[in-house]
Amino acid sequence: MRYSIIDGDISGVSTPCLVTDLRTARKVARAQGEIKHFTKTSQDFEDTAGDVVVVNLNGSVARILVVGGMTGTLEQATFRKLCKSAMTALLKLPIKQAVVALDSASVKGGGSAWKLRCAAAALSHLSYRYNTHKSKPAKPPSLANARLWVKAKTGLNQQARLANALDAGLRVAKDLGNEPPNICNPTYVLQQARKLGRQANVKVSSLSEKKMAELGMGAFLAVSQGSDTPGHMIIIEYSGGKKSDRPIALVGKGITFDTGGISLKPPGGMDEMKFDMCGAAAVIGATRAAIDAKLPINLITVVAAAENMPSGNATRPADIVTSASGQTIEILNTDAEGRLVLCDALTHVQKFKPKAIVDVATLTGACIVALGSHASAVYANDESLAQELLSAGEQSGDRAWRMPLWDEYQAQLNSNFADMANVGGRNAGSVTAACFLKRFIDDVPWAHMDVAGSAFQGGAQKGSTGRPVPLLFNYLVNQSTK
Ligand code: BES
Ligand code: MN
Ligand code: ZN
């Protein structure tokens with residue numbers, strides 16, 4: 001979807017479809033001499049939330065899609081829901097272009113920029129299709145251009161760029177997540193990252209397994225050694241800020257398929273473990289969005305891409321490995337592999353002296369037990385970073401919830417044989433995974449997001465959700481204007 005911004009008198013607009021509230025719809029119909037026809041056609045429309053009606057006109061506006069319930073002062077969540085019903089109906093129309101005019105609605109704490117981004121994000125989500133491997137793909141929506149109307153454009157010009165950037169970033173993340181694991185292996189993830197590198201101010205490099213061995217990344221390599229496809233530590237450096245600005249760091253878990261390894265997972269639903277690289281997909285997607293938006297920040301994105309397979313060369317429960325930090329780890333469960341690849345990625349990223357680090361991972365089933373799919377879990381060693389992420393999530397409707405990272409939990413990771421075990425027992429499984437990662441963080445603001453429940457859906461709607469790209473992108477945008 002391409003987004004642009006328009007302002008001026010809405011009555012004078014010319015478009016195949018105008019998406020708007022009932023009051024504005026009447027005003028436009030009247031201005032176009034079509035009010036009688038409009039009133040007659042929409043007489044059964046009750047203007048309640050979730051209802052929409054499409055009225056065909058004969059003026060320069062060929063149709064009006066009236067969005068019900070856009071009255072009074074709306075909660076943000078309500079506006080979001082109304083956008084969803086409006087855009088669902090809009091995408092069914094056989095048109096290439098539409099004007100979306102929802103700026104007249106009044107939303108608690110939501111100004112023009114917020115409303116505009118909300119409408120655009122709804123369209124981006126709903127227009128996404130993944131048809132790469134269908135021999136006869138269903139017809140995609142024809143809408144390609146959304147013109148977002150605001151009362152006054154002043155100060156909002158860059159909003160179109162942000163909407164387009166988020167659209168591209170979401171698509172990158174969803175495509176990567178949905179791609180099957182026989183195609184999307186660590187090498188494929190590296191190739192996709194390299195694609196980003198062809199743009200200005202972006203450098204992409206990677207550490208081979210040989211290089212990782214030299215750097216002592218025994219934790220990462222323990223996971224990767226069972227697979228015939230070699231792992232990669234991928235590093236994307238985007239320099240949009242001043243040379244002297246310290247970078248923000250994003251780190252993603254990129255397990256392109258998680259069988260569990262020797263601690264093999266049960267077969268039911270194992271296919272969903274192709275989504276175990278959704279953390280990587282999200283940080284790559286957010287990076288793509290930041291690049292497209294030309295954000296004036298420095299960003300360093302590290303992806304730990306590996307495949308967790310059982311084989312004659314796979315790591316065993318009871319193996320002890322030494323991480324790049326020098327700390328030793330007893331691998332009691334080879335299915336707790338995400339933390340193993342991440343700890344070495346976190347050690348590595350700190351060499352770039354970032355001002356903040358956010359890692360994103362489909363890390364634990366326990367996170368799904370705790371929060372379900374509505375919220376991503378946030379763990380942080382820094383209050384302001386935690387708040388910045390939570391409010392970026394609130395702003396974008398891609399919500400997260402803070403979880404504890406107290407030292408009391410650390411004892412669950414005790415090992416009789418090494419500095420720590422890689423699992424902490426049944427209780428508080430998402431918390432102890434975060435506590436494991438915390439042991440690899442020096443004195444720097446750091447947050448860990450467990451997105452096991454939010455990054456993808458199962459069942460009939462099976463697929464990548466692109467989360468938490470909207471949260472991360474909002475966070476980066478907010479940082480760039482600080
Ligand atoms: N990738 C899984 C976590 C996961 C499970 C993500 C379901 C999304 C949906 C992770 O590598 C894993 O297997 N975690 C184990 C940890 C346990 C062995 C301590 C888990 O959650 O069972
Ligand atoms: Mn696992
Ligand atoms: Zn995993």
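These numbers were taken from a predicted model, which means no experiment stands behind them. (Residues numbered from 1 in each chain as written. Chains lettered and ligands numbered in written order. Predicted model: local features only at pLDDT ≥ 70, side-chain atom pairs only at ≥ 80, totals over all residues. Heavy atoms only, no water.)

Visitor: Could you clarify how one ought to interpret the coordination of the manganese ion (ligand 2) in this entry?
Guide: By definition of the ideal shapes, a tetrahedral metal site with four donors has angles of 109.5 degrees and an octahedral site with six donors has angles of 90 or 180 degrees. Each protein donor to the manganese ion (ligand 2) is listed here as Asp258 (OD), Asp335 (O), Asp335 (OD) and Glu337 (OE); together their distances run 2.0 to 2.2 Å. One can describe the site at the manganese ion (ligand 2) as irregular: its six donor atoms subtend angles covering 70 to 168° at the metal. Taken in chain order, the donor set of the manganese ion (ligand 2) reads D-x76-D-x1-E. Separating the manganese ion (ligand 2) and the zinc ion (ligand 3) is a distance of 3.1 Å, and Asp258 donates to both of them. You can see Asp258 sitting in strand β11 (residues 248–258) and its partner Glu337 sitting in the loop between β14 (328–331) and α10 (338–349), a full 79 residues away along the chain. Relative accessible area serves as the criterion here: at 3%, Asp258 is assigned to the buried category. (Donors = N, O, S within 2.8 Å, 3.2 Å for Na, K, Ca; no water. Tetrahedral: all angles 85-135°; square planar, octahedral: opposite > 155°, others 65-115°. Helix = DSSP H or I, 4+ residues; strand = E, 2+ residues; numbered from the N terminus. Buried < 20%, exposed > 50% of the residue type's maximum accessible area, 1.4 Å probe, protein only.)

Visitor: What is the right way to read the nonpolar core from this model?
Guide: Counting 60 residues, the largest nonpolar core has Leu295, Val358, Leu472, Phe473, Tyr475 and Leu476 as its most contacted members. At 10 residues, helix α9 (residues 278–292) tops the list of elements feeding residues into this core. Each residue touching Leu476, except ones within four places of it in the same chain, is listed here: Ile248, Leu250, Ala286, Ala290, Leu295, Ile297 and Leu299. Counting 51 residues, the second-largest nonpolar core is a separate cluster that includes Ala304, Leu363, Ala377 and Tyr379. (Core = buried A, V, L, I, M, F, W, Y, C linked by side-chain atoms within 4.5 Å. Contact = heavy atoms within 4.5 Å.)

Visitor: What should I look at first to understand the coordination of the zinc ion (ligand 3) in this one?
Guide: All of the protein donors around the zinc ion (ligand 3) are Lys253 (NZ), Asp258 (OD), Asp276 (OD) and Glu337 (OE); their distances to the metal are 2.0 to 2.4 Å. Viewed at the metal, the six donor atoms of the zinc ion (ligand 3) are separated by angles of 78 to 176°, and the geometry they form is octahedral. Between the donor residues of the zinc ion (ligand 3), the gaps in sequence give the motif K-x4-D-x17-D-x60-E.

Visitor: How do you make sense of the state of the cysteines when you look at a structure like this?
Guide: Counted under the stated rule, the structure contains zero disulfides. The thiol of Cys17 is unpaired, and the distance to the nearest cysteine sulfur, on Cys83, comes to 14 Å. Here Cys367 stays unpaired: no disulfide links it, and the sulfur of Cys278, its closest cysteine neighbor, is 13 Å away. (Disulfide = S-S within 2.5 Å.)

Visitor: Is there a simple way to think about the site of ligand 1 in this case?
Guide: Taken together, 17 residues lie around ligand 1, and Lys265, Asp276, Asp335, Glu337 and Gly365 are the ones closest in. Within the side chain of Asp258, a nitrogen or oxygen atom sits 2.9 Å from an oxygen atom of ligand 1. At 2.7 Å, a backbone N or O of Gly365 approaches an oxygen atom of ligand 1. Residue assignment for the shell around ligand 1 shows that the elements contributing at least two residues are β11 and α11 (365–371). Here the shell around ligand 1 is built from residues that sort into six nonpolar, four polar and seven charged. (Near = heavy atom within 4 Å. Polar contact = N/O pair within 3.5 Å; in protein donor to acceptor, adjacent residues only side chain to side chain. Nonpolar A, V, L, I, M, F, W, Y, C, P; charged D, E, K, R; others polar.)

Visitor: What is the right way to read a positive patch on the surface from this model?
Guide: A cluster of basic side chains, namely Lys242, Arg246, Lys353 and Lys355, defines a positive patch on the protein surface. Along the chain, Lys242 falls in the loop between β10 (232–239) and β11. (Patch = residues over 30% accessible without salt bridge, like charges linked within 9 Å, V, L, I, M, F, W, Y side chains within 5 Å. Areas by Shrake-Rupley, 256 points an atom, 1.4 Å probe, with all protein chains shown as cover. Salt bridge = Lys/Arg side-chain N within 4 Å of Asp/Glu carboxyl O. Lys, Arg positive; Asp, Glu negative; His and termini not counted. Charge placed at Lys NZ, Arg CZ, Asp CG, Glu CD.)

Visitor: Would you explain the sheet that holds strand β6 (residues 97–101) in this entry?
Guide: Strand pairing in a sheet takes place through backbone hydrogen bonds and is either antiparallel or parallel in direction. Pairing is mixed in the open sheet, where six strands are placed in the order β1-β8-β6-β2-β4-β3. Of all strands in the sheet, those with a lone pairing partner are β1 (2–6) and β3 (52–56), marking the two edges. Across this sheet, the average inter-strand angle for adjacent strands is 20°, counted without regard to direction. Alignment of β3 against strand β4 (residues 63–67), held across five bridges, turns out to be antiparallel. Considered in β4, the bridge of Asn56 is made with Arg63. Strands in contact with helix α3 (residues 76–90) are β2 (18–20), β3, β4 and β6; relative to β4, the strand with the most contacts, it is inclined by about 150°. (Pairing = 2+ DSSP bridges. Axes fitted to C-alpha atoms, helices over the stretch in contact; angles between N-to-C directions.)

Visitor: So what exactly am I meant to see when it comes to the packing of aromatic side chains here?
Guide: Here the distance between the centres and the angle between the planes together describe a pair of aromatic rings. Under the definition given, this model contains four aromatic pairs. Consider the rings of Phe79 and Trp114, whose centres lie 5.7 Å apart with planes at 45°: the pair is tilted. One end of the pair, Phe79, is in helix α3; the other, Trp114, is in helix α4 (residues 112–127), with 35 residues separating them in the sequence. Pair check on accessibility: Phe79 and Trp114 agree, each one buried. With centroids separated by 5.3 Å and ring planes inclined at 40°, the aromatic side chains of Phe436 and Phe440 adopt a geometry described as tilted. Assigned by exposure class, Phe436 and Phe440 land together as buried. (Phe/Tyr/Trp six-rings, centres within 6.5 Å; stacked < 30°, edge-to-face > 60°.)

Visitor: What's the story with the side chain of Thr362 in this structure? I'm lost.
Guide: Secondary-structure assignment places Thr362 in the loop between β15 (356–361) and α11. Only 2.4 Å separates the side chain of Thr362 from the side chain of Asp276, close enough to count as a polar contact. If we ignore the near neighbours within four places in the chain, the residues touching Thr362 are Lys253, Phe275, Asp276, Cys278, Asp450, Val451, Ala452, Ala455 and Phe456.

Visitor: Any chance you could explain the environment of Pro354 here in plain terms?
Guide: Along the chain, Pro354 falls in the loop between α10 and β15. Distance from Pro354 to Lys253, taken between C-alpha atoms, is 18 Å for residues 101 residues apart in sequence. In this view, Pro354 contacts Arg246, Pro247, Ala249, Val349 and Val444; residues no more than four positions away in its chain are not counted.

Visitor: Please clarify how the packing of α3 against α4 should be interpreted in this entry.
Guide: The geometry of a pair of packed helices is captured by two quantities: the angle between their axes and the separation between those axes. The geometry of α3 relative to α4 is characterised by a closest axis approach of 9 Å and an angle of 45° between their N-to-C directions. Taken as axis vectors, α3 and α4 run oblique relative to one another. Relative to α4, α3 is oriented so that their crossing is right-handed. Together, Gln76, Phe79, Arg80, Cys83, Lys84, Met87, Thr88 and Leu90 of α3 and Trp114, Lys115, Cys118, Ala119, Ala122, Leu123 and Leu126 of α4 make up the contact between the two elements. (Parallel < 35°, antiparallel > 145°, perpendicular 65-115°, else oblique. Left-handed = near helix turned anticlockwise from the far one by under 90°.)

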